[in-house]
Amino acid sequence: MDVLGVPLVAATSALRQAVARKKLVNLTGPPGVGKSRLAADLPHASWVDLDAPDPFTLLARTLSDSAVRLLVVDGVDGRHRRETLHRALRAAGGPVGRPPVVVISRIPLVADPSWGELDPETIALGPACDTRIGLRATALDPGARALVIRLAGGIPLLADVACRALESGTCDSDPGAVADHVAAELGDRLTRELPGRRWQHTLRQLATVGSGDEHLLRGGPDSFASLAALSIVRRTRLGLRLSEPYRALFELSFQWRKPQTHCGTRTRARAYRLAGMAATVDPGPRSHLAEQGLFLSGDPLLRRELFPARDSPVRIRGAEDGDAADIGALMRQWAVHSGFDERRCDRLTERWAGDDIGAFRVATDPLGKVIGLACMLPVEQRTEGSLEPLLQQHSTAALQGGGLFLGAAHCPVPSARAHVLRSILRDGVRSGRLIVSTANPDYQALVRGLGFTVHGGIRDDFYRCGRPPEVSTHVFDADRLTGWLGLLAQEPSQRPSGPPRPGPPLAPKEKQVLLAYASGLTLKATARRAGITQNTAKDYLGRVKAKYRAAGRPAYTKVELAQRVREDGLDRG
C-alpha cells in the first residue's frame, strides 16, 4: 500500500504499520517536510546518516549487526547515494539476512526501476496545514506570522528558517529579504543532491520563468540535465518547473537581490512564449503557452488565484456516471458557499448532468477522491435551453460564435482550485471562446482581471442570493491571444477601463498585422504569423499608421501602436 502525500498524523501511523509488515520502507517527501523528525519517533531504531563522515562503512557494519532491530538510513539524496545504498542492501544478503530498513529520501526510490526488485513500500509525507505552521511562529506578531505561513507553503523547515530571519531583525515588510534567508538555507541543502553552486543562478531563472526549456535557461544541456535531477524540479510539457513553495521563494529572493535582472528575465521569457504561441497552430500546445503567458504577466491577482505558492497533486478529468453523487455533493457545497438557493442549484445540476455529465470536469486527489469540479457546457443548439436562464437578455450575443460556457466552478482547497481554474482557461483557449455567468463577486473580480468583456448582469436574481449573475465573454482565437497577454502584462493602473474607444476602420488583415506586431513580435515574425511576406507586412503597418494619422491620433513606433491597440480595445475582442 502506498500512502501519497499524507499529513503528519496519518503518516505517523502509516509508517509504523509499514515497518511492522515490510523489510524495506521508503519515507519520502520534499526537502524540509519533516521526514527525519517523523522517523525519529520509531522505537528501537539505529541510524546511519549519509551526511556523516565515511557513512557507507558504518552502513555495512550496521547491516551485518544481528543486534540491530531496525535501521533508519537518512540523507539518501542524489543519484550516487541511492546507487551506493542499493548495492549495500543487495550485498547484505536480501531481506532475510538484514534488519528492516527505513530509507529517508526526497525522491521516491521506486522512481528508479532498479529498486523494484527490493520491493520498497512508499510513505510520502505531505505538507503540514497552515494552522500547524502558524504554531511554529507564535512568538511573532500577526503580520510576521502570516508572512511565515505564506512563505512556508506547509514546509516546516522553511517556516523555521523564516522565523529565525525575522527574529534576527529582518523586516517583515520586505518578503524578499526574508525569502532570501530561506532560499540560502535551501540552496545549501540542495548541494547534497547537486554539489557546487554555479547552477543556483539557473535555478533562480527557472523560478522566474515558471517552466523553462534549454533556450530560456541558457545554461547548456549539462546544466539543464543537472537541474532536472533535483528533487524539487519536475518535467512538464514546456520544460522544467520548480515545485511550490520552493519556486516562489527562489523568485522572491532573485527579485530582491537583482530586481532589474529579474524583470529582464521575465520580459525575455514572455516574449519567447508569445513568439512560440504565434507560431503554434495546434490549440492544445497553444493553451499551455497561454497559461505560461498568464504566469509571466506578473499580475498579483492572477498569481494569487491561478498560481499560488503551494503545490497540490491534482488530476483533472472528464466526469463519468459514477461521479454523479460526488458532483451533486460538491454543487451543494458550491451553493452554500456562494449563498445560493440549494434547491435551485440541485435542479440546475440535474439539467446540466442530463445534457452531458461529461461536461463536468472533476479534480481528484492522489487517492482518486473527487475534490473539485467545473461545469463546461459546449455552446451548441442542444444546450441552449440550459444556458438561456443564466444569460437571458445577453443570450443572442453570447451564444453566437460557439465555444464553452462555464456555469459553475468549485474546489474548497485553494491550491487545488488553482488547478481547476487553469484547466478552465486551457479548455477555453482550445475551444476559442469562453462564456462565463457568475454571481460570485470573487469570480467576477477574477474574470475582470483576466480582461474578459463584461456584458453586465441578467434581469433576474437567478440564484435568489440578492445579486443577479454577471455575463462575460472572451475570444481566444490565435490573432488575439498575444495582444490579450500583452495587455495583462501591464500594470493594472495602466490598463484601459470602460468601453473601447472607436478607432479608424481597419481591414481584417491590417488588424491582424497590427495586433501581432504591437504584441511584441518582430516584423519578420509578424509576417510569418499572418502568412505574408515581410515587405507586405511592412506595407500593412504603413496603412495602419496612415489611418491613425488621418484620425488625428498618430502612432509612429511599436510602443505607440500598442497604446492605440489598448485604447481602442482591439485586443479585447
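Before reading on, note that the structure itself is shown above.
First things first, this report covers the structure right here in the doc. (Residues numbered from 1 in each chain as written. Predicted model: local features only at pLDDT ≥ 70, side-chain atom pairs only at ≥ 80, totals over all residues. Heavy atoms only, no water.)

### Some thoughts on the overall build of the protein
The criterion, for reference: In this description a helix means any DSSP run of H or I spanning at least four residues, a strand means any run of E spanning at least two, and both kinds are numbered starting from the N terminus. Only C-alpha atoms enter the radius of gyration; for comparison, a globular chain is expected to reach 2.2 Å times N to the power 0.38, where N is the number of residues. Partly exposed residues are those whose accessible area sits between 20% and 50% of the maximum for their type, while under 20% is buried and over 50% is exposed, using a 1.4 Å probe and protein chains only. Contacts between residues were defined by any pair of non-hydrogen atoms, one from each residue, lying within 4.5 Å.
Across its full length, the protein holds 26 helices and 16 strands. In terms of overall size, the protein behaves like a compact globule, its C-alpha atoms giving a radius of gyration of 27 Å where 573 residues would be expected to give roughly 25 Å. Seen along its three principal axes, the alpha-carbon backbone of the protein occupies a region of about 90 × 55 × 50 Å. For the protein, buried positions account for 53% of its 573 residues. Contacts in the protein between residues far apart in sequence, at least 24 positions, make up 72% of those at least 6 positions apart.

### Quick notes on the sheet that holds strand β9 (residues 239-242)
Put simply, the test is: A pair of strands is treated as paired once DSSP finds two or more bridges between them.
The antiparallel open sheet is built from three strands, whose spatial order is β7-β9-β8. At either margin of the open sheet sits one strand with a lone partner, and together these are β7 (211-212) and β8 (233-236). Two strands pair when backbone bridges link them, and β8 and β9 are joined in this way by four bridges, in the antiparallel orientation. Considered in β9, the bridge of V233 is made with L242.

### Describing the packing of helix α13 (residues 259-278) against helix α22 (residues 478-488)
For clarity, the cut-off: For helices, the fitted line uses only the C-alpha atoms of the stretch in contact; every axis is such a line through C-alpha atoms, and the angle between N-to-C directions lies from 0 to 180 degrees. Working rule for angles: under 35 degrees goes down as roughly parallel, over 145 as roughly antiparallel, 65 to 115 as roughly perpendicular, anything else as oblique. Each helix crossing is assigned a hand: it is left-handed if the near helix lies turned anticlockwise from the far helix by less than a right angle, otherwise right-handed if that turn is clockwise.
Relative orientation of the contacting elements α13 and α22 amounts to 165°, with a least axis distance of 9 Å. As the angle between them shows, α13 and α22 are arranged roughly antiparallel. Note on packing geometry: the crossing formed by α13 with α22 is right-handed. Taking contact as the criterion, the partners of L274, M277 and A278 in α13 are, on α22, L481, T482 and L485.

### Some thoughts on the pattern of salt bridges
Quick note on the threshold: By definition here, a salt bridge exists when the distance from a side-chain nitrogen of Lys or Arg to a carboxyl oxygen of Asp or Glu is within 4 Å.
On inspection of all chains with the given rule, the structure shows 29 salt bridges. Across the pair D51 and R81 runs a salt bridge, and its minimum N-O distance is 2.8 Å. With D51 in the loop between β3 (45-49) and α3 (55-63) and R81 in helix α4 (residues 79-91), this pair connects stretches of sequence that are 30 residues apart. Shared partners join several salt bridges into a network, and the residues in it are E244, R247, E251 and R303.

### Quick notes on the packing of aromatic side chains
Going by this rule: Stacked, tilted and edge-to-face are the three classes applied to pairs of Phe, Tyr and Trp rings, where Trp contributes its six-membered ring and a pair requires centres within 6.5 Å; stacked means planes under 30 degrees apart, edge-to-face means over 60, and tilted covers the rest. For a ring to carry a charge above it, either NZ of a lysine or CZ of an arginine must fall within 6 Å of the ring centroid while also lying within 35 degrees of the normal to the ring plane.
Tallied over the full model, the rule gives seven aromatic pairs. Measuring from ring centre to ring centre gives 5.2 Å for W334 and F340, while their planes differ by 85°; the resulting arrangement is edge-to-face. The residues W334 and F340 share a single accessibility class, namely buried. With centroids separated by 5.6 Å and ring planes inclined at 90°, the aromatic side chains of W334 and Y463 adopt a geometry described as edge-to-face. With W334 in helix α16 (residues 324-338) and Y463 in the loop between β15 (453-457) and β16 (470-475), this residue pair connects regions lying 129 residues apart in the sequence. Comparing W334 with Y463 shows no difference in burial state: the two are buried. Through successive ring pairs, a cluster of aromatic residues spans W334, F340, F462 and Y463. When the ring centre of F295 is taken as origin, the NZ or CZ atom of R303, which lies over that ring, is 3.9 Å away. Its end group placed over the ring of F462, R344 keeps NZ or CZ at 5.1 Å from the ring centre.

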